[in-house]
Amino acid sequence: MGRKSAARPIATLATGVMFAASLGALEAKAQDAKAVLQAMETALGSKDLQSIQYSGTGFSANLGQSVNPSAAWPKFDVTSYTRSINYGAQSSKEEWTRIQGNNPVRGGGAPIMGEQKQNAEVVGTNAWNVTGAGPVAQFGLTLEERRLQIWLTPQGFVKAAKQGNGCAINWDCEAKLNSRTEGGKKINVITAVVAGKYAVDATVDEHNLITKLETKFPNPVLGDMPIVTTFGPYKDYNGVKFPAKISQLQGGWLMFELNVTDVKPNEKADLAVPNEVRTAETPSPRVDVQLLSDGVWFLTGGTHHSLVVEFKDYMAIIEAPLNEERSSAVLAEAKRLVINKPVKFLINTHHHFDHSGGLRTYVAEGVTIVTSPLNKAFYEQTFKAKATLAPDKLAKAPKAAVFAPWVEKDHFVLSDGTQRIDLYAMKDDNHNEGMLIVYIPSGKILVEADEWNTPAGEVQSPTGTPSAATVNLYDNIQRLKLDVNKIAPIHGRLVTMADLLKFLGKPLPEKPKS
C-alpha cells in the first residue's frame, strides 16, 4: 500500500509536467500562427483593405450536372466577370456573362443559346439573385456557400482567421499552424474557422502569399464535399497583392476558373438588401397531389416533382429530388395516400444532383433503389460519404444501400399482376448517358425528366427549331412504340401527348372513324 501511495505524486507530477509542456507547445504554435498571419496581412496588403473589386474572363461549370457520374462538370465560357466584396459588411456581388463556346453540348444546363447573364448577391444572412423579374431570395445551402466564398479569397481568409469570424463550433477557434518542407522550401499551413463553422486550410508560400485554400461544404449527394481554391502568380495593385488566376474545384472537378484582368482595392462596394428579400420567408416543402389514374398520384408543389404508384402490397415512388427535406415531405404524403403499405422501391431517372439529392433519405428508410446500372458504383460511394457538417438520417444511422438488379440492359419492369411500371434507357441523350424514362401502362402515363420542361401556360406551336432534347424524347417514344396519353414531367405541369405533338409541330393522329 505504501509503495502505491508514494507512486501517485510522482505520476501526477510527471503528468503535470507533460501537460504544461504540451500547453506551452500549443501556446507557441498559436503565437507562431499569429506571427505568420501578421506576415500574410503585410504581404497581401489586407490590413487597410475594406473592399475589393476584381474582374476577368474564364469559365464556369454546373455542379452535379455531368453527362455521366465519372465525367467532369459541364463547362461554359465566361466572357465577362466582376465581383465586388465588402469584407466589413460581409457582402459580395457577382455579375457574369457566359456562353456555350466550344464546349461540348453535354450534361445539365446545355446548350446555352446566345448569352446567359447571371447575378448572385449576398449581404450577411440575406442572399438573392437578380433576374428580369427582379430580386429572388435564396436560402439554405445557396446562402451558406455565398457567405463562405467571401472568405475563400486571400485577403478574406486572413481577415477571418485574425478575427475568429464568428466561430460557433465546439473547439478553440484561434488559427493553428503546421509547417513542412517541400523542395527545400518551408511551407506553412494555417487552419482557421470561417463563416462560423468551416475549417479552412491555407497553404502559404515563402513570400507569405496564399497558394491554396481547402475546406469542406455540405452537399446532399456528396456529403462533406471538398472545395479547393488555388491562386496563381500574384500582382501588385496599389500595395495590394492579388492573384492573376483563380481556380476552384468542387467535388473533385473544376468548377470555376478566372484569369484576372483588373483589381480595384477599396472600390466602393455598398450593397443594399432589397425589401422583398429582407422580408422573404424560408420556404417549406409543399406537396400538392393530383390523381392521374387508379393508384397513381402526381406529387408537385415545388420546382421538382415525384410520383407515387400503388401496388398490391407496396408502393413505388418515382424520383427523389433536391434534398432530405423534400424527400421526407414526399414520403409523408405517400404514406397518407396509401395506408399500411411500405415504400419498397424508389425509381431514379438520372444521377444529376437536383434529381438524386433525396436518395440518401430513402436508403435510410431501407427502400430499394432502382436506377441505371451506370449509376450504381457512384451511388454506392456517395451513400457511404461522411456528412458531418449537415448530418442527415443516413449519416446518423448508416445503412447499406440495396439496388434492384437489372435483367435486361435497357429495360426494367416492376409488376405484381395488379400494377406495372416499365423503365427504359433513353437513346442518344446528351443530357445524361444514364437517363431513364418511366412508363405506366395502366394510365398510359409517361414520366420524363429534363427532356421537356413543360410551360405553365398553354402549349404553343413552334416558332423556331424545337430543342434537341424534346425531339429526342419524341423519337424514343416512337422507337419504343409507347402508347402515351399523359406526360408527367419532373419539371413543369402535366400535359398530354397531343401537347407534345403540338409543341414539335407534328400532326395529331387521326381519330378512328365511327
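Residues numbered from 1 in each chain as written. Predicted model: local features only at pLDDT ≥ 70, side-chain atom pairs only at ≥ 80, totals over all residues. Heavy atoms only, no water.

Observations regarding the side chain of Ser247
Rules: Secondary structure elements follow DSSP: runs of H or I no shorter than four residues count as helices, runs of E no shorter than two count as strands, and numbering proceeds from the N terminus. Accessible area is worked out with a 1.4 Å probe on protein chains only. A residue is then buried under 20% of its type maximum, exposed over 50%, and partly exposed in between. Polar contact is defined as a pair of N or O atoms within 3.5 Å, subject to the rule that within protein one atom must be able to donate a hydrogen and the other to accept it, and that residues adjacent in sequence are counted only when both atoms are side-chain atoms. Here a residue-residue contact requires only that any non-hydrogen atoms of the pair lie within 4.5 Å.
Note on placement: Ser247 falls in strand 14 (residues 245-250). Residue classification places Ser247 among the buried residues on the basis of a relative accessible area of 8%. A polar side-chain atom of Ser247 sits 3.1 Å from a polar atom in the side chain of Glu257. The residues contacting Ser247, other than those within four sequence positions of it, are Val228, Thr229, Thr230, Leu254, Phe256 and Glu257.

Quick notes on the sheet that holds strand 27 (residues 495-496)
Test applied: By definition, two strands form a pair when at least two bridges between them are found by DSSP.
Strand order in the open sheet formed by six strands is 22-23-24-25-26-27, with mixed pairing between adjacent strands. Edge strands, defined here as strands with exactly one partner in the open sheet, are strand 22 (411-415) and strand 27. Relative to strand 24 (residues 436-440), strand 23 (residues 420-425) is paired through four bridges, and the arrangement is antiparallel. From the neighbouring strand, Tyr424 faces strand 24, where its bridge partner is Ile437.

Concerning the packing of aromatic side chains
The criterion, for reference: Pairing of aromatic rings covers Phe, Tyr and the six-membered ring of Trp, with a centre-to-centre limit of 6.5 Å; geometry is then stacked below 30 degrees between planes, edge-to-face above 60, and tilted otherwise. In this analysis the charged atom, NZ for Lys or CZ for Arg, is taken to sit over a ring once it is within 6 Å of the ring centre and within 35 degrees of the ring normal.
Here the structure, examined in full by the defined rule, presents 15 aromatic pairs. Their ring planes at 40 degrees and their centres at 6.3 Å tell us that Tyr54 and Tyr81 sit as a pair that is tilted. One end of the pair, Tyr54, is in strand 1 (residues 51-61); the other, Tyr81, is in strand 2 (residues 75-86), and 27 residues separate them in sequence. Seen in terms of ring centroids, Trp452 and Phe503 are 5.0 Å apart; in terms of plane orientation they differ by 35 degrees. Their pairing is tilted. Residue Trp452 is found in the loop between strand 25 (445-448) and helix 10 (468-480), and its partner Phe503 is found in helix 11 (residues 497-504); the two are separated by 51 residues along the sequence. Accessibility expressed as a relative area gives 3% for Trp452, which makes it buried. Each residue in the set Trp73, Phe353, Phe378, Tyr379, Phe383 and Phe403 is aromatic and connected to the rest through ring pairs, giving one cluster. One Lys or Arg, Lys75, reaches over the ring of Phe59 and ends 4.1 Å from the middle of that ring.

Topic: the pattern of salt bridges
In plain terms, the rule: Counted as salt bridges are all cases of a side-chain nitrogen of Lys or Arg within 4 Å of a carboxyl oxygen of Asp or Glu.
The final tally for this structure, using the stated rule, is 20 salt bridges. A salt bridge links Glu333 to Arg336, with the shortest nitrogen-to-oxygen separation between them at 2.5 Å. Within this pair, Glu333 and its partner Arg336 are both found in helix 5 (residues 324-337), separated by three residues, close to a single helical turn. Residue classification places Glu333 among the buried residues on the basis of a relative accessible area of 14%. Note that Glu380 and Lys376 form a salt bridge whose closest N and O atoms lie 2.6 Å from each other. On the criterion of helical spacing, the pair formed by Glu380 and Lys376 is a turn pair, its members being four residues apart in helix 8 (residues 376-383). Using a relative accessible area of 32% as the deciding quantity, one classes Glu380 as partly exposed.

A word on helix 3 (residues 154-163)
With respect to burial, helix 3 is a largely interior element, eight of its ten residues being buried. Residues of helix 3 that are buried: Pro154, Gln155, Gly156, Phe157, Val158, Lys159, Ala160 and Ala161.

Let's talk about the pairing of strand 8 (residues 185-194)
A regular strand carries its side chains on alternate faces of the sheet. Burial analysis of strand 8 places eight of its ten residues in the buried class, which makes it a mostly covered element. Both strand 7 (residues 176-182) and strand 8 contribute to a ladder of seven bridges, which runs antiparallel. Residue pairing across strands places Thr181 opposite Lys186, the latter belonging to strand 8. Two elements, strand 8 and strand 9 (residues 198-204), share seven bridges in a ladder whose sense is antiparallel. Opposite Ala192, over in strand 9, you have Val200 as the bridge partner. Where strand 8 folds back onto strand 9 in an antiparallel hairpin, the turn is made up of three residues, including Ala195, whose phi is positive at roughly 50 degrees.

That is the geometry; function is a separate question.
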